Amino acid sequence: MIELLKDLISIKSDTLAGANEALQYCSEWLTKHSITHEVLENKGKLMLEARIGSGDSTIIWNGHVDVVPGNEEQFIPRLEGDKLYGRGAADMKAGVAAMMEAFRRISEDPTSLSHCILLHIVTDEETGGMDTSGYLVEQGRTGDFVICGEPTHLELSIQSKGMVDLDINFHGKAAHGSRPWQGVNAIEMAYDFHEKMQQLPFTKANNEFYESPSINLAKISAGNRYNVVPDCCEVSYDIRFVPGQDPEEIVKELTELATSLHSKNELEIYGISPAVTTERSSEYVQTLAKITADVRETEPTIFGQHGAADTRYYAETGAGAIEFGPSGEDWHGPEEFVYVSSALQFVEILVRQATT
Ligand SMILES: [Zn+2]
């Protein structure tokens, strides 16, 4: 498996062409090991699905081979003790290699399987995941429980916040800068809004994993002269909400506040993405936690991520979806590496869950 992982790291998959090349490599590797699979394409992006086993329950192993940009040297894998350095080593070619190796192992004796196992390898997670994982789900290729093999130090991330991105246009009234009382300053209105929104009911939500939603004032554009009271101001927010919250309700509260400040203020939604709401009590989570504790000889932590991964596409269909994968450090950074031993443990855990 380490050779497979090194080969994957050497493919410079920080571009669409590179990610497709890495996907082709995975496809050839599966073929070499007599594993039947389908390669699909959407908007020029490749992805693959392999399927094995039968039964009422389907577990999906999802991994992405695209990586964020890195230096040339990062695409030359370097093994130092248990640490394998390279772009994508942790995020998440180790996860992908482990899933492929686990799939190879269960293919040797499919009669031992307790579930139907699908392997999904995709190429656009780092740019949103819409065109490959999103596409697979759209095509009905989903299941009951999904593991996205992102680097989580073999801890179980069972939830992630949802996202509402929106723009608000504040309308004031222009006036000469020497007589501001004759105008309505749109920047000050946006400022007022920003203060008041922190008190809205939606900001009080929490659960066992999250203290509150988060609000990022991401963009602001307004004003162009010293001697003019600005009559418009556009601000953009990235709001991450707690699983269980209704994004429509958040939008409603914000709209009401904006229009209470000026009837012409308007709010436009840029995008909404659902939260991942897998429950701790899920049978799959419980079994996986038990197996992981056994393999690692220590109880895994169950937690919630702040950011989102491809889990969100599967979660939309009601599937349990978690991020769970090997241990490493500095992903997206210059010294990214993965602990090879944790990738090997990950293989063991996957195989055991498939056969339990
Ligand atoms: Zn990732």
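Just so it is clear, the structure is predicted and the values come from calculations on it, not from any experiment.

## A closer look at the environment of T152
Inference 1: Here T152 shows up in the loop between β7 (145-148) and β8 (156-160).
Inference 2: Taking the C-alpha atoms as reference points, T152 and Q305, 153 residues apart in sequence, are found 9.6 Å from one another.
Inference 3: For T152, the residues in contact, after removing those within four places along its chain, are F303, Q305, E323, F324, G325 and P326.
Inference 4: A polar atom in the side chain of T152 sits 2.7 Å from the backbone oxygen of E155.

## A short note on the environment of E72
Inference 1: Within the secondary structure layout, E72 lies in the loop between β3 (58-64) and β4 (78-80).
Inference 2: Looking at E72, the relative accessible area reads 55%, which means it is exposed.
Inference 3: E72 sits 160 residues away from C232 along the chain, and the two C-alpha atoms are 46 Å apart.

## Quick word on the UniProt feature "domain: Peptidase M20 dimerisation" (unreviewed entry) in the protein
Inference 1: Mapped onto the present numbering, the UniProt feature "domain: Peptidase M20 dimerisation" (unreviewed entry) falls at residues 159-262.
Inference 2: What you have in residues 159-262 is 26% helix and 30% strand, and the ends, taken at the C-alpha atoms, are 37 Å apart.

## Focus on the sheet that holds strand β17 (residues 337-339)
Inference 1: The strand order across the open sheet built from 4 strands is β4-β5-β17-β16, with neighbouring strands paired in antiparallel fashion. Strand pairing shows two members of the sheet lacking a second neighbour, β4 and β16 (328-329), which therefore form its edges.
Inference 2: Here 2 bridges tie β16 to β17, and the two strands are oriented antiparallel to one another. Bridge assignment links G328 to a residue of β17, and that residue is V338.
Inference 3: This element, helix α1 (residues 2-10), spans β4, β5 (83-85) and β17 of the sheet and lies at about 25 degrees to β5.
Inference 4: With respect to the sheet, helix α9 (residues 340-354) is in contact with β4, β5 and β17, its orientation differing from that of β17 by roughly 60 degrees.

## Brief notes about the coordination of the zinc ion
Inference 1: Looking at the zinc ion, one finds its protein donor set to be H64 (NE2), D91 (OD), E150 (OE) and E150 (OE), positioned 1.8 to 2.7 Å from the metal centre.
Inference 2: Taken together, the 4 donor atoms surrounding the zinc ion define angles of 52 to 145 degrees at the centre, an arrangement classified as irregular.

## Details of the side chain of Q159
Inference 1: Tracing the chain through its elements places Q159 in strand β8.
Inference 2: In terms of polar contacts, Q159 uses its side chain to reach the backbone carbonyl oxygen of T278, at 3.2 Å.
Inference 3: With residues up to four places along the chain from it excluded, the contact list for Q159 reads N207, F209, Y210, P243, V276, T277, T278, F303, G304 and Q305.

## What to know about the sheet that holds strand β12 (residues 266-273)
Inference 1: The strand order across the open sheet formed by 4 strands is β10-β11-β9-β12, and the pairing between neighbours is antiparallel. Whereas interior strands pair on both sides, the edge strands pair on one side only; in this sheet they are β10 (214-222) and β12. Here the average twist between neighbouring strands, direction ignored, is 15 degrees.
Inference 2: Across the sheet, helix α6 (residues 247-261) is in contact with β9 (162-171), β11 (232-241) and β12; its angle to β12 comes to roughly 165 degrees.

## Quick notes on the layout of surface pockets
Inference 1: For the largest pocket, the calculated volume is near 430 Å³.
Inference 2: As for the largest pocket, its lining consists of 17 residues, and the residues nearest its centre are E125, E126, G307, A308 and A309.
Inference 3: Each residue belonging to the lining of the largest pocket can be placed in one class, and the counts come to 5 nonpolar, 5 polar and 7 charged.
Inference 4: Here the second largest pocket defines a volume of roughly 270 Å³.
Inference 5: Lining the second largest pocket are 14 residues, and of these M130, I272, S273, R312 and Y313 lie nearest its centre.
Inference 6: Listing elements by their share of the lining of the second largest pocket, those giving two or more residues are α4 (133-138), β9, β12 and α8 (311-315).
Inference 7: No other element matches the 4 residues that β12 contributes to the lining of the second largest pocket.
Inference 8: Residues that form the lining of the second largest pocket fall into these classes: 7 nonpolar, 3 polar and 4 charged.

Reading the values: rules and limits
Think of each chain on its own: its residues are numbered from 1, step by step along the sequence as written. Predicted model: local features are reported for residues with pLDDT of at least 70 only, side-chain atom pairs are reported and counted for 80 or more only, and whole-chain, interface and lining totals are derived from all residues. As a rule here, side-chain values come from all non-hydrogen atoms in the structure, and water together with hydrogens is ignored. Strands are runs of DSSP state E lasting at least two residues, helices are runs of H or I lasting at least four, and both sets are numbered from the N terminus onward. Contact definition: two residues touch when any of their heavy atoms are within 4.5 Å. Here a polar contact is taken to be a pair of N or O atoms separated by no more than 3.5 Å, where protein atoms must pair a possible hydrogen donor with a possible acceptor and residues adjacent in sequence count only if both atoms sit in side chains. For every residue, the accessible area obtained with a 1.4 Å probe (protein chains only) is divided by the maximum for its type, and the residue is called buried under 20%, exposed over 50%, and partly exposed between those limits. UniProt positions are given in the numbering used here, feature names are shortened, and annotations may be inferred rather than shown by experiment. In this analysis, strands are considered paired if DSSP registers two or more bridges between them. Axis angles are defined between N-to-C directions and span 0 to 180 degrees, where every axis is a line fitted to C-alpha atoms and, for a helix, only to the segment in contact. Metal donors: N, O and S atoms at distances within 2.8 Å, or within 3.2 Å for Na, K and Ca, with water omitted from the atom set so that some sites may seem incomplete. Tetrahedral means four donors with every angle between 85 and 135 degrees, whereas square planar (four donors) and octahedral (six donors) require angles over 155 degrees between opposite donors and between 65 and 115 for all others; sites fitting neither are termed irregular. Each cavity reported here is a set of points on a 1 Å grid over the protein atoms alone in which a 1.4 Å probe fits but cannot get out, each pocket an open set with protein on both sides within 12 Å along at least five of seven lines, and each lining residue one with an atom within 4 Å of a point. Grid points are joined across faces, edges and corners, and a volume is the space filled by probe spheres set on the points. Nonpolar residues are Ala, Val, Leu, Ile, Met, Phe, Trp, Tyr, Cys and Pro. Charged residues are Asp, Glu, Lys and Arg, and all others, Gly as well, are polar.

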